[in-house]
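Listed below, chain by chain, are the residues.
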Amino acid sequence: MASRLSAAGIVLSLAAAASAFVAMPSGAASRIGTDRCTDRCTDTMLQSQRTTSDELIPREILFGNPENVSPLLSPDGKHLAYLAPSPDGVMNVFIRDLVHYEASGLTNGEARKFDRMITNEPKRAIRSVAWAYDSRTILYMNDKGGDENFHLFAVNAVGTNGTDVPPVRDLTPGENVKAQNIFTNYRYPDQILVGTNERDSKCFDMYRVFLATGEKFVDTINPGDVIGWKTEDESFEIRAATVRNSEDSSTTVRVRFSADLVEGSQDDTEWRDVFHFPYGEEGGLLNFCADGGKTGYLTSSLGRETTALLKVDLKTGETLEEIYSNEKCNVGGVTLEKDTKELRALTINYARTERVFFDEELEKDYEFLKSTCPNPNAEIGVASRSLDETKWVAMYLQSDGPTEYVIYDKTEQTVTPLFVSNPKLLPYTFSPMEDVRIPAHDGLELVGYLTRAVTEGPSPMILLVHGGPWARDYWGFNSRAQWFANRGYATLQVNFRGSTGYGKTFLHKGDKQWGVGDMQHDLTSAVDWAVEQGIADKDNVCIYGGSYGGYACLAGLTFTPDVYKCGVDIVGPSNIKTLLDSIPDYWAPLRNGMLLKIGDVDGDEEFNKKISPLFHVDNIKAPLLIGQGANDPRVKQAEADQIAFLMQKKNIPVEYVPFPDEGHGFARPENRVDFNGRAELFLAKHLGGRAEEFAEVEGSTATFPLLEKEEAVAK
């Protein structure tokens, strides 16, 4: 069965990158952080009604490194890989010998002493890791300073002695090279397939890499319009391509029946356009069936509102079976049996994750895991399985506490605690996240997530806007929402029109609705709803977000200046034309689709001015904080510079903190903690909540160009 290397916060396919500008970063402020502020909120009623701990939960715990994440069983089930902080405080890969551990009788805490660190990234955390199917090689990805030119690295995880970190090999070397579309296959444990843009910066060719030697050979050349690839498992060949038409932004699924130019006939090796999705439709090929690639699983919105899961003929394009659809939301993840490719389960998510089972045995596994979970409101997830599926690492996901990992022995029907993602959170009380329904101004139902600060009555509120905008928020533990709640602010997140997962009409109701349109009106409707429900104090609302959420913050302060008391914009664009003019080369096939969704900022200068906050700064009444990564390849630092310096020139309250070693968000914990500390004081000043005492964070690279300019002028 082929698998793909991926992790939260890292976009590995071009198609996925098209859907979002953002991985939501942390808060920002300026050098006001040198002030002292502790527990400014002294309202005794608020204290008695708090939904979180009475004490201030330290920012270091909320935004520093977790202790254990991404636990992955080796395919043979003999080793466990996971991410944890190195002695220098950087997330690296650790390995546990499970055979020794299980025989020793050691507790998890005792076993940690014998786990080996096998990577030693000195500054930038590893966030994406996977096993190769040889059960020896760990694959991981990393970039430099947030530039998103992720390289694929390999390291020998087993068979090395002592405490020395084994050597790491860069499988995709080269300056400005980005790797994505990574496939592994248990039938071919000695090799992987990986896409890079080393030949042409605008597109990704596929290469076959042999793990033992690192040798890399061209496998499939990208003709220039392919934004994603699929493999057929039995042959481990590239057999399908997702193609984006740069003129009309339609999507086509292209298929071939063989990649073998020697033994395959010319007819078999020829690429055919089989499925076509005009702009406005959603869908794509998920996987091949176990019949040599003659049939496959496809999602499609053609002829319906949301995507359905279909079984299709890959030669004729005929639908052989309509397997499942839901009228309210798209089909999500799909679980297939690795050999037969029979459908075992799928997920949907309107507000919470739901599973639809097609395999009774798998359903019983999940029911058993649910019965062992101490929190009845938690969701069950699976972090990894051994190849024979007798051993799992399962997750208990909750909104009011850290993720708990357990080892599930399917044969023995036992669950053994493994570890908690961040045990430092366990002593504290957190606020449960509620999924809510919010009516928009035109009656459209919006799914939102509410984290209350108090049990009754209104409180100051932060509208936390997700990035993308072609993405969505989910239920679960959100460190920012819990941070805000503990400081005295309700947090509301809303899946405004244009968010993904709710069908094609909901998605495209966001077309040409940026800033002054219905996407922004939905955010205003969410604030109005919270006020009407007695949740929010209408005079104390902050709009806070990253990337598109940062843009929404700027738009909120410029186009609806009476709604918000203050705003925090992180890596948000201020001029949409300059944003699109500076996107990475490899987004070129997607640019026209962005114009169709956003509006023609290329050909219509007045429209661009209409929706770009940069041209409306005179409307801003509320103070603003801006944070930015200097190496951001998506939203360049110029987007933040131009609005920050213009506001300074016009004497409009603004504070600006760029970080020279960050990109689209803040990956380094030193910068996250520093940035959020400054933001916390800003929020306390303007919304009246509590604030932990601020201290300069060692290792933070925060800079203050506005203050530097003021000082230079003063001289």
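Structure first, text after, so check above.
Rules used in this analysis
- Residues numbered from 1 in each chain as written.
- Predicted model: local features only at pLDDT ≥ 70, side-chain atom pairs only at ≥ 80, totals over all residues.
- Heavy atoms only, no water.
- Helix = DSSP H or I, 4+ residues; strand = E, 2+ residues; numbered from the N terminus.
- Rg over C-alpha atoms; globule rule 2.2 N^0.38 Å.
- Buried < 20%, exposed > 50% of the residue type's maximum accessible area, 1.4 Å probe, protein only.
- Contact = heavy atoms within 4.5 Å.
- Areas by Shrake-Rupley, 256 points an atom, 1.4 Å probe, with all protein chains shown as cover.
- Lys, Arg positive; Asp, Glu negative; His and termini not counted.
- Charge placed at Lys NZ, Arg CZ, Asp CG, Glu CD.
- Pairing = 2+ DSSP bridges.
- Axes fitted to C-alpha atoms, helices over the stretch in contact; angles between N-to-C directions.
- Core = buried A, V, L, I, M, F, W, Y, C linked by side-chain atoms within 4.5 Å.
- Salt bridge = Lys/Arg side-chain N within 4 Å of Asp/Glu carboxyl O.
- Polar contact = N/O pair within 3.5 Å; in protein donor to acceptor, adjacent residues only side chain to side chain.
- Expected span 1.5 Å × (residues − 1).
- Phe/Tyr/Trp six-rings, centres within 6.5 Å; stacked < 30°, edge-to-face > 60°.
- Lys NZ or Arg CZ within 6 Å of the ring centre and 35° of its normal.

Draft legend 1. View of the overall build of the protein. Across its full length, the protein holds 17 helices and 36 strands. Computed over the C-alpha atoms, the radius of gyration of the protein is 25 Å, within 12% of the 27 Å expected from 2.2 N^0.38 for a compact globule of 715 residues. Considering only C-alpha atoms, the protein reaches an extent of 75 × 65 × 50 Å along its principal axes. For the protein, the residues scored as buried account for 60% of the 715 residues in total. Contacts spanning at least 24 positions in sequence make up 61% of the contacts within the protein whose residues lie at least 6 apart. For the protein, the accessible area works out to roughly 27,200 Å², and carbon and sulfur atoms hold 49% of it. The protein carries 73 positive and 105 negative side-chain charges, and their two centres are separated by 2 Å.

Draft legend 2. Representation of the sheet that holds strand 23 (residues 343–349) within the structure. Strand order in the open sheet formed by 3 strands is 22-23-24, and the pairing between neighbours is antiparallel. In the strand order of this sheet, the two ends are held by strand 22 (331–336) and strand 24 (353–357), each with one partner. Within the sheet, the average angular offset between the axes of one strand and its neighbour, ignoring direction, is 25 degrees. Of the strand pairs in this sheet, strand 23 and strand 24 are connected by 5 bridges, and their pairing is antiparallel. Across the sheet, residue Leu346 finds its bridge partner in strand 24, namely Val356. Along the sheet, helix 7 (residues 360–372) contacts strand 22, strand 23 and strand 24; its crossing angle with strand 24, the most-contacted strand, is approximately 145 degrees.

Draft legend 3. Region of interest: the nonpolar core. Core analysis: the largest hydrophobic core is formed by 83 residues, its most contacted members being Leu463, Leu492, Trp514, Leu523 and Ile598. Those residues in contact with Leu463 that sit more than four places away from it in its chain are Leu492, Val494, Leu523, Ala526, Val527, Cys542, Ile543, Tyr544 and Tyr564. Listed in part, the 34 residues of the second largest apolar core include Phe430, Ala684, Ala691 and Phe704.

Draft legend 4. Examining the pattern of salt bridges more closely. Applying the stated rule across the entire model yields 46 salt bridges. Ionic pairing is found between Asp581 and Arg591, a salt bridge with its closest N-O pair at 2.9 Å. Remark: Arg591 occurs in helix 13 (residues 591–598) and Asp581 occurs in helix 12 (residues 576–581); sequence separation between them is 10 residues. For the salt bridge of Glu670 with Arg668, the shortest nitrogen-to-oxygen distance reads 3.4 Å. By relative accessible area, Arg668 is classed as buried at 8%. Linked by salt bridges that have partners in common, Arg59, Arg487, Glu680 and Glu692 make up one network.

Draft legend 5. How the structure looks around the side chain of Asp365. On the secondary structure map, Asp365 appears in helix 7. A polar side-chain atom of Asp365 sits 2.7 Å from a polar atom in the side chain of Tyr408. In this structure Asp365 touches Trp392, Tyr408, Lys410 and Gln413, once residues within four positions along its chain are discounted.

Draft legend 6. Structural context of helix 15 (residues 637–649). Look at helix 15: 18 Å from first C-alpha to last across 13 residues, which is about the 18 Å you get at 1.5 Å a residue. Looking at the buried residues of helix 15, the elements they touch are helix 11 (548–559), helix 12, strand 35 (624–629), strand 36 (654–659) and helix 17 (705–714). Directly beyond the C-terminal end of helix 15, a positive phi value near 60 degrees is found at Asn651.

Draft legend 7. The arrangement of unusual backbone geometry in detail. For the bond running from Gly468 to Pro469, omega is 0 degrees, close enough to zero to count as cis. By secondary structure assignment, the location of Pro469 is in the loop between strand 31 (459–465) and helix 8 (479–487). Look at Gln413: it is not a glycine, yet its phi comes out positive at around 55 degrees. Residue position: Gln413 is located in the loop between strand 27 (404–409) and strand 28 (414–420). Its relative accessible area of 38% is what places Gln413 among the partly exposed residues. Its identity as a non-glycine residue notwithstanding, Ser547 has a phi of 60 degrees, on the positive side.

Draft legend 8. Structural view of the packing of aromatic side chains. A full pass over the atoms with the stated rule returns 27 aromatic pairs. The interplanar angle of 55 degrees and the centroid separation of 4.9 Å between the aromatic rings of Phe659 and Phe666 together place this pair among those described as tilted. Given a relative accessible area of 0%, Phe659 falls into the buried group. Taken together through their ring pairs, the aromatic side chains of Phe357, Tyr366, Phe368, Trp392 and Tyr408 make up a single cluster. In this arrangement the basic side chain of Arg385 is found over the ring face of Trp392, its NZ or CZ atom lying 4.3 Å from the centre.

Draft legend 9. Representation of the sheet that holds strand 4 (residues 91–97) within the structure. One open sheet holds the 4 strands; their spatial order is 2-3-4-5, and the pairing between them is antiparallel. Where the open sheet ends on each side, the last strands, each with one partner, are strand 2 (69–73) and strand 5 (116–117). Bridge analysis of strand 3 (residues 79–85) against strand 4 gives 7 bridges, and the strand direction is antiparallel. Note on strand 4: the bridge partner recorded for Ala81 is Ile95.

Draft legend 10. A look at the pairing of strand 16 (residues 251–255). Within strand 16, 5 of the 5 residues are buried, which leaves the element mostly enclosed by the surrounding structure. Of the two faces of strand 16, both are covered, the one formed by Thr251, Val253 and Val255 as well as the one formed by Thr252 and Arg254. Taken together, the 5 bridges between strand 15 (residues 237–244) and strand 16 define a ladder with antiparallel strand orientation. Note that in strand 16 the partner of Val243 across the bridge is Thr252. Between strand 15 and strand 16, which pair antiparallel in sequence order, lie 6 residues; one of them, Ser249, sits at a positive phi of approximately 60 degrees.

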